[in-house]
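Listed below are the residues making up each chain.
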Amino acid sequence: MGSFFYDILLFLLTACTCFGEFGGALQIDRALAILFLPLLFLVIREKGCGYVRNIVVIFSLFYLFCIVSVAWTPDLTEAVKELFYYPVHFALFLEIIAFARYARNPQKSIVSGWLVAVLLCSVVAAWEMMTGNHLSVAKEQADEYNTGAAVLEHFTASVTFGNYNSFVTFLCYSMPWLFWILMKKEKSFWSMSMTVVAIVSAFLFTLLNASRGGLISQLVMFFIVLVSSPMTKLKYLLCAISLLLVGYVLITYGEILTAVMEARLADGGMFDGESRYTIWANALNTFWRSWGLGVGIGGMNEAMGQWADGEITVTHNIFLELLLQYGLVFFFVFVLAICKLFRSSLLVSDKRSKVAVLMALLCMPIYGIIDSTYLLKPQLYVLFATIYVFVNSEQIKCHHQVLLKTS
């Protein structure tokens, strides 16, 4: 099979993140990961795929712990379900980093997938905002926000992700790679136009959804781009378009957006009077009762419901979600892996790739507290696979050149 075939696979695995919750348990990205499993097994047996096999060992140890933790998880039904999800998500991650070795231009294929995903989602989001209707997968069909004193009508967009927080999180995942396209010196008018539309749409829908975490994440990314490279006419144009759109949104929807923001700030959070700090305190309290081992796979909701004081039984924090369920050991492994990626990103010679990875990693503590849960969503594994490919692009490129010489 030619290298272009693997470029197509990378594009599909990334672009299909736009389907979100469609398919239920067998979401589109999960289905593709299962479909490409035979090819993954063939690829990782080849010479030069040692880096993939090393990661397989880590995933296997984590999965073994998940199986053992079934012995003490408070929710056996959820545990069994998640035991099926994790291998599929691991396969999704491994397929992207393994296929990147054989692709002609893995970075371009991956970011093209992110770009198409955002553009497709933007079409649906625009329809939601204009009509007030939502797709069947939306968990919140009514666009109302109860402030306690009044009920505000405020249109939101959740697209295929079930709720607007998940959609905003997906947009934050995609932004670094959209900016990677924009930072390219030589690009076609079509590529430039579509990228500008995607970036502006992502920021616009984040603003309309009144997501504070999403806005902060994207503004920090925008700031990183501005300070990391000299201003060009394109950047001035992007700034001008963004300011015009933000001004239009604030003039048109400013009163309702301000009311929603003030209501959220007044009660310290977004969750029926419970602030994120209260939720995190409850999560930590639940964790300490597990003696540092975690409550076990699938046990987050049940454990927080039994041991915590609040009504919210999810952590709204990717780091606490991992810590609460899988304990200190794998929490530190995860943090060390991120630190290693960050350190390696500083050594990347390609400035565009370095800036994109830094945006993704530096903003992770911000967009990592937007959504209710993270570890069971395929988009997260596509994000980490993208980061891995960009950090190790030079080594992967060397492998590809060796393949071309020997073929």
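1. So, the overall build of the protein chain
- Scanning the protein chain from terminus to terminus reveals 17 helices and two strands.
- Taken over 407 residues, the protein chain has a buried fraction of 56%.
- Taking as baseline every contact in the protein chain between residues at least 6 positions apart, the subset at least 24 positions apart corresponds to 76%.
- Total accessible area on the protein chain is roughly 18500 Å²; 68% of this is exposed by carbon and sulfur atoms.

2. Quick notes on the packing of aromatic side chains
- A full pass over the atoms with the stated rule returns 28 aromatic pairs.
- When the ring of Phe-62 is compared with that of Tyr-86, the centres are 5.7 Å apart and the planes differ by 85 degrees; the resulting orientation is edge-to-face. With Phe-62 in helix 4 (residues 50-69) and Tyr-86 in helix 5 (residues 76-99), the pair connects residues that are 24 residues apart, well separated along the chain. Across this residue pair, the class does not change: Phe-62 and Tyr-86 are buried.
- Pairing Trp-180 with Phe-390 gives two aromatic rings, centres 5.4 Å apart and planes at 85 degrees, and the pair type is edge-to-face. In this pair, Trp-180 is assigned in helix 7 (residues 164-182) and Phe-390 in helix 16 (residues 378-391), connecting sequence segments 210 residues apart. Across this residue pair, the class does not change: Trp-180 and Phe-390 are buried.
- Aromatic rings pair up to connect Phe-59, Phe-62, Phe-65, Trp-72, Tyr-86, Phe-90, Phe-93, Tyr-326, Phe-330, Tyr-381 and Tyr-388 into one cluster.
- Cation over ring: Arg-30 sits above Tyr-85, and NZ or CZ is 4.0 Å from the ring centre.

3. Some details on the packing of helix 7 against helix 16
- Between helix 7 and helix 16, the shortest axis-to-axis distance is 10 Å and the interhelical angle comes to 25 degrees. It follows that helix 7 is roughly parallel to helix 16 by the angle criterion. Classified by chirality, the crossing of helix 16 by helix 7 is left-handed. Here Phe-170, Tyr-173, Trp-177 and Trp-180 of helix 7 come into contact with helix 16, specifically with Gln-379, Leu-380, Leu-383, Thr-386, Ile-387 and Phe-390.
- Here the contact of helix 7 with helix 16 is composed, by residue class, of eight nonpolar, two polar and no charged.

4. A look at the confidence of the model for the protein chain
- When pLDDT is averaged along the protein chain, the result is 85, and 81% of the positions lie at 70 or above.
- The secondary structure element of the protein chain with the lowest average pLDDT is strand 2 (residues 151-153), at 49, and the one with the highest is helix 16, at 97.
- Low pLDDT, under 50, characterises residues 146-152; the predicted model gives this stretch 12 contacts beyond four residues in sequence or across chains.
- Ignoring residues within four places in sequence, the model shows residues 265-273, a span with pLDDT below 50, making 19 contacts including any to other chains.

5. Remarks on the layout of surface pockets
- Volume-wise, the second largest pocket comes out at about 1100 Å³.
- Taken together, 32 residues form the lining of the second largest pocket, with Ile-55, Ile-58, Phe-59, Phe-93 and Ala-337 sitting closest to its centre.
- Those elements that provide at least two residues to the lining of the second largest pocket are helix 4, helix 5, helix 13 (318-345), helix 16 and helix 17 (393-406).
- Considering every element that reaches the lining of the second largest pocket, the biggest residue donor is helix 13, with 11 residues.
- Considering only residue class, the lining of the second largest pocket consists of 26 nonpolar, four polar and two charged.

6. Focus on helix 11 (residues 276-288)
- Taking 1.5 Å as the rise per residue, helix 11 with 13 residues should run 18 Å; its terminal C-alpha atoms sit 18 Å apart, in good agreement.
- Taken together, the buried positions of helix 11 are occupied by Arg-276, Ile-279, Trp-280, Asn-282, Ala-283, Thr-286 and Phe-287. All buried residues of helix 11 fall inside an arc of 160 degrees around its axis, so they share one side. Exposed residues on helix 11 whose side chains face more than 90 degrees from its buried face are Tyr-277 and Trp-288.
- Where the residues of helix 11 are buried, they touch helix 12 (300-307) and helix 13.

7. Digging into the environment of Val-159
- Of note, Val-159 is situated in the loop between strand 2 and helix 7.
- Accessibility expressed as a relative area gives 0% for Val-159, which makes it buried.
- On a C-alpha basis, the gap between Val-159 and Ala-126 in space is 9.3 Å, while along the polypeptide they are 33 residues apart.
- Setting aside residues no more than four positions away along its own chain, Val-159 makes contact with Cys-121, Val-124, Ala-125, Glu-128, Leu-135, Val-137 and Phe-167.

8. What to know about helix 3 (residues 37-44)
- For helix 3, every residue scored as buried is listed here: Leu-39, Leu-40, Val-43 and Ile-44. Each buried residue of helix 3 lies within a common arc of 125 degrees when the element is viewed along its axis, so the set occupies one face. Opposite its buried face, helix 3 presents the exposed residues Pro-38 and Leu-42, each directed more than 90 degrees away.
- Buried residues belonging to helix 3 abut helix 1 (3-15), helix 4 and helix 5.

9. As for the pattern of salt bridges
- For the coordinates displayed, the defined rule picks out two salt bridges.
- Glu-78 is paired through a salt bridge with Lys-81; the nearest N and O atoms lie 3.1 Å apart. Here Glu-78 pairs with Lys-81, and both are found in helix 5, just three residues apart, close to one helical turn.
- As a salt-bridge pair, Asp-371 and Lys-377 come within 2.6 Å of each other at their nearest N and O atoms.

10. Section: the state of the cysteines
- Throughout the structure, instances matching the rule amount to zero disulfides.
- Summary of cysteine pairing: Cys-121 is not part of a disulfide, and the nearest cysteine sulfur, belonging to Cys-18, is at 5.2 Å.
- Here Cys-172 stays unpaired: no disulfide links it, and the sulfur of Cys-363, its closest cysteine neighbor, is 7.9 Å away.

Conventions and cut-offs
- Residues numbered from 1 in each chain as written.
- Predicted model: local features only at pLDDT ≥ 70, side-chain atom pairs only at ≥ 80, totals over all residues.
- Heavy atoms only, no water.
- Helix = DSSP H or I, 4+ residues; strand = E, 2+ residues; numbered from the N terminus.
- Buried < 20%, exposed > 50% of the residue type's maximum accessible area, 1.4 Å probe, protein only.
- Contact = heavy atoms within 4.5 Å.
- Areas by Shrake-Rupley, 256 points an atom, 1.4 Å probe, with all protein chains shown as cover.
- Phe/Tyr/Trp six-rings, centres within 6.5 Å; stacked < 30°, edge-to-face > 60°.
- Lys NZ or Arg CZ within 6 Å of the ring centre and 35° of its normal.
- Axes fitted to C-alpha atoms, helices over the stretch in contact; angles between N-to-C directions.
- Parallel < 35°, antiparallel > 145°, perpendicular 65-115°, else oblique.
- Left-handed = near helix turned anticlockwise from the far one by under 90°.
- Nonpolar A, V, L, I, M, F, W, Y, C, P; charged D, E, K, R; others polar.
- pLDDT = per-residue confidence, 0-100.
- 1 Å grid on protein atoms, 1.4 Å probe; cavity = no way out; pocket = protein on both sides within 12 Å on 5 of 7 lines; lining within 4 Å.
- Points joined across faces, edges and corners; volume = space filled by probe spheres on them.
- Expected span 1.5 Å × (residues − 1).
- Arc of directions from axis to C-beta.
- Salt bridge = Lys/Arg side-chain N within 4 Å of Asp/Glu carboxyl O.
- Disulfide = S-S within 2.5 Å.

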